[in-house]
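# Coordinates in review
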Amino acid sequence: IDLYSSFVLSTGPLAEELQCSVCLEVFTDPVSTPCGHNFCKSCLNQCWSNSQECKCPICNETFSKRPDLKINTALRQVAKICENLKFSVIFLCTALIRSIERCQAELLDMMEEKQKAAEKQEEKLIQELQQELTELKMRNTELDHLSHNEDHLHLLQIDPSLCSPPHTRNWPEISMNTDVNVETLRRALTQLQETLDEKLIQTVFRRMQQYAVDVTLDPDTTHPYLILSDDGKQVRHGDIKQKLPNNPERFDHYPGVLGKEGFSSGRFYFEVQVKEKIEWNLGVARESINRKGLIKTPPHYGFWTVRLRNGNGYWALKPQKVGVFLDYEEGLVSLYDVVSRSHIYSFTGQSFKEKLCPLFNPELNNGGKNSAPLISSPDIYNE
């Protein structure tokens, strides 16, 4: 099942009107060409920058001079509404439901056809069995009659075929496969579920990655035992306490470091490489969290993080890279296993009232067993 096609079908003309034919995404700053077609402003400018002439990417109408592009504010407003993680989910769920209903209808049709074929086969077999029973009864009557006949000459003159075993079907070898429909249904539903799961998580990741930010760690917040790379992208726990000023921003007991970037509204996504680590703690935290002494880290203290301990705290297979997604207005913080494209955990229904910052905690070195760094992954920002 092509989930994207199902999505388009489920939304109908609305989806087509809100989709840029160049990037195939919901419009960003939509503009209209003189021929009446709509595109993202940046997409259309890019098309014209790479060409010696200005023409419509859809109908190929050529314009003598480059049109003055004005943003269609009404269409942009509708596109913004369509871009919301709730509006899209409604249409996505509608598409999934319709896809499932269509698949169920197809499976029911197939099962009904097989059932009818099986019933016809059963009726034919029953008729053949009844015919054989009738013939056997007739033969039995004739043989019973002959058994009482004392005319030996007549017995010698009877048809030899009457005394030979009749040709009958080997009924014990005939069986009806009653499990084939159930097995077919199970395989089809399993395949459908796998396809839907894959398409859904791809859609979720593509949406989240649109809000990717490049996280750089703040050296003024780094715990003295943590070693920060020169570019501020990697942090690991060392064995020697560094001589650093005990400024108010710095953690002095909790082995953490905050990102320089703070988020007060909107949606944000960043990825962290955790490969070869057996312990770590990742997520976001309020900018005003306590940095000194023993720190408690539940959400009501301003921490929204997930922790891996002893190498197998939450997963049978440890993640290699973790994605963190924040929707400030929705009060949502979600963490994902990027490689397996699977959901780890979500904090929902939160109320954010101040700036939130990325939080990296590589945990203790553990005698070199946990010496690998946490790395703010740059891969996503180049895709």
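These figures come from a predicted structure and were not determined experimentally.

For the rest of this paragraph, the subject is the overall build of the protein chain. In terms of helices and strands, the protein chain carries seven helices and 15 strands. Per-residue burial over the protein chain gives 37% buried out of 383 residues. Carbon and sulfur atoms make up 52% of the accessible area of the protein chain, which amounts to about 23,100 Å² in all.

The way to describe two aromatic rings as a pair is by their centre distance and the angle between their planes. Across all of its chains, the model carries ten aromatic pairs by this definition. A centroid spacing of 5.0 Å and a plane angle of 85 degrees characterise the contact between Trp304 and Phe352, whose relative ring orientation is edge-to-face. With a gap of 48 residues between them, Trp304 in strand 10 (residues 303-308) and Phe352 in the loop between strand 13 (342-347) and strand 14 (356-361) connect regions that are remote in the sequence. Taking the relative accessible area as the measure of exposure, Trp304 reaches 3% and is therefore buried. Classification of Phe352 by relative accessible area gives buried; the value is 10%. Members of the aromatic cluster, joined through ring pairs, are Phe251, Tyr254 and Phe303. The side chain of Arg291 reaches across the aromatic face of Phe251, ending 5.7 Å from its centre. Looking at Arg341, its charged tip hangs above the ring of Phe205, at a distance of 4.4 Å from the centre.

The phi angle at Arg341 is positive, at roughly 55 degrees, despite the residue not being glycine. Among the residues examined, Arg341 registers a relative accessible area of 35% and is labelled partly exposed.

Our focus in this paragraph is the pairing of strand 6 (residues 234-237). Residue alternation in strand 6 divides its side chains into a buried set, Val235 and His237, and an unburied set, Gln234 and Arg236. Counting the residues between successive antiparallel strands, the hairpin from strand 5 (residues 226-228) to strand 6 contains five residues, one of them, Gly232, with a positive phi of roughly 70 degrees. Looking at chain direction, strand 6 and strand 15 (residues 374-376) are connected through two bridges and run antiparallel. Along strand 15, the bridge assignment pairs Val235 with Leu374.

By way of backbone hydrogen bonds, the strands of a sheet pair with one another, either parallel or antiparallel. Overall, antiparallel pairing links the four strands, which are arranged 7-14-9-10 in an open sheet. Across the chains shown, the open sheet's two edge strands, defined by having one partner strand only, are strand 7 (257-258) and strand 10.

Glancing now at a nonpolar patch on the surface. On the surface, Leu129, Leu133 and Leu136 cluster together into a nonpolar patch covering about 230 Å² of accessible area. Mapped onto the elements of the fold, Leu133 is located in helix 5 (residues 87-147).

On to the side chain of Asn361, then. Tracing the chain through its elements places Asn361 in strand 14. Classification of Asn361 as buried rests on a relative accessible area of 1%. There is a polar contact of 2.8 Å between the side chain of Asn361 and the backbone nitrogen of Glu363. Discounting chain neighbours no more than four positions away, the residues touching Asn361 are Tyr254, Pro255, Gly256, Trp280, Asn281 and Leu374.

Right, let's get into the nonpolar core. In terms of nonpolar packing, the biggest core is built from 29 residues, with Phe270, Leu282, Val322, Val333, Leu335, Phe360 and Leu374 touching the most fellow members. Secondary-structure elements contributing two or more residues to this core are strand 8 (267-273), strand 9 (280-286), strand 10, strand 11 (321-327), strand 12 (332-337), strand 13 and strand 14. The contact partners of Leu335, leaving out residues within four places of it in the chain, are Leu282, Val306, Val322, Gly323, Val324, His343, Ile344, Tyr345 and Phe347. Membership of the second largest hydrophobic core comes to 16 residues, among which are Cys43, Trp48, Phe63 and Leu75.

This brings us to the environment of Gln202. Examined against the element boundaries, Gln202 turns out to sit in helix 7 (residues 180-209). Classification of Gln202 by relative accessible area gives partly exposed; the value is 38%. Sequence spacing of Gln202 and Arg341 is 139 residues, and the spatial spacing of their C-alpha atoms is 7.7 Å.

Attention now goes to the pairing of strand 12. Counting buried positions along strand 12 yields six of six residues, so the element is predominantly enclosed. Taking every second residue as pointing to the same face, both faces of strand 12 are buried, with Leu332, Ser334 and Tyr336 on one and Val333, Leu335 and Asp337 on the other. Bridging between strand 11 and strand 12 involves six bridges; their strand directions are antiparallel. Among the inter-strand pairings, Asp327 is bridged to a residue of strand 12, identified as Leu332. Where strand 11 hands over to strand 12, the hairpin turn is made up of four residues, of which Gly331 adopts a positive phi near 65 degrees. Where strand 12 lies against strand 13, five bridges are found, and the strand directions are antiparallel. The residue of strand 13 that forms the bridge with Val333 is Phe347.

Ordered in space as 5-6-15-8-11-12-13, the seven strands form an open sheet in which the pairing is antiparallel. Single-partner strands in this sheet number two, and they are strand 5 and strand 13. The average angle at which neighbouring strand axes cross in this sheet is 20 degrees, direction not considered.

In this section: the confidence of the model for the protein chain. Looking at the protein chain, pLDDT values average 80 and 74% of them are 70 or higher. Ranking the elements of the protein chain by mean pLDDT puts helix 1 (residues 3-11) last with 43 and strand 7 first with 98. This model gives residues 1-12 a pLDDT under 50, and the stretch forms 30 contacts once residues within four places in sequence are excluded.

Conventions we followed
- Residues numbered from 1 in each chain as written.
- Predicted model: local features only at pLDDT ≥ 70, side-chain atom pairs only at ≥ 80, totals over all residues.
- Heavy atoms only, no water.
- Helix = DSSP H or I, 4+ residues; strand = E, 2+ residues; numbered from the N terminus.
- Buried < 20%, exposed > 50% of the residue type's maximum accessible area, 1.4 Å probe, protein only.
- Areas by Shrake-Rupley, 256 points an atom, 1.4 Å probe, with all protein chains shown as cover.
- Phe/Tyr/Trp six-rings, centres within 6.5 Å; stacked < 30°, edge-to-face > 60°.
- Lys NZ or Arg CZ within 6 Å of the ring centre and 35° of its normal.
- Pairing = 2+ DSSP bridges.
- Patch = residues over 30% accessible without salt bridge, like charges linked within 9 Å, V, L, I, M, F, W, Y side chains within 5 Å.
- Salt bridge = Lys/Arg side-chain N within 4 Å of Asp/Glu carboxyl O.
- Polar contact = N/O pair within 3.5 Å; in protein donor to acceptor, adjacent residues only side chain to side chain.
- Contact = heavy atoms within 4.5 Å.
- Core = buried A, V, L, I, M, F, W, Y, C linked by side-chain atoms within 4.5 Å.
- Axes fitted to C-alpha atoms, helices over the stretch in contact; angles between N-to-C directions.
- pLDDT = per-residue confidence, 0-100.

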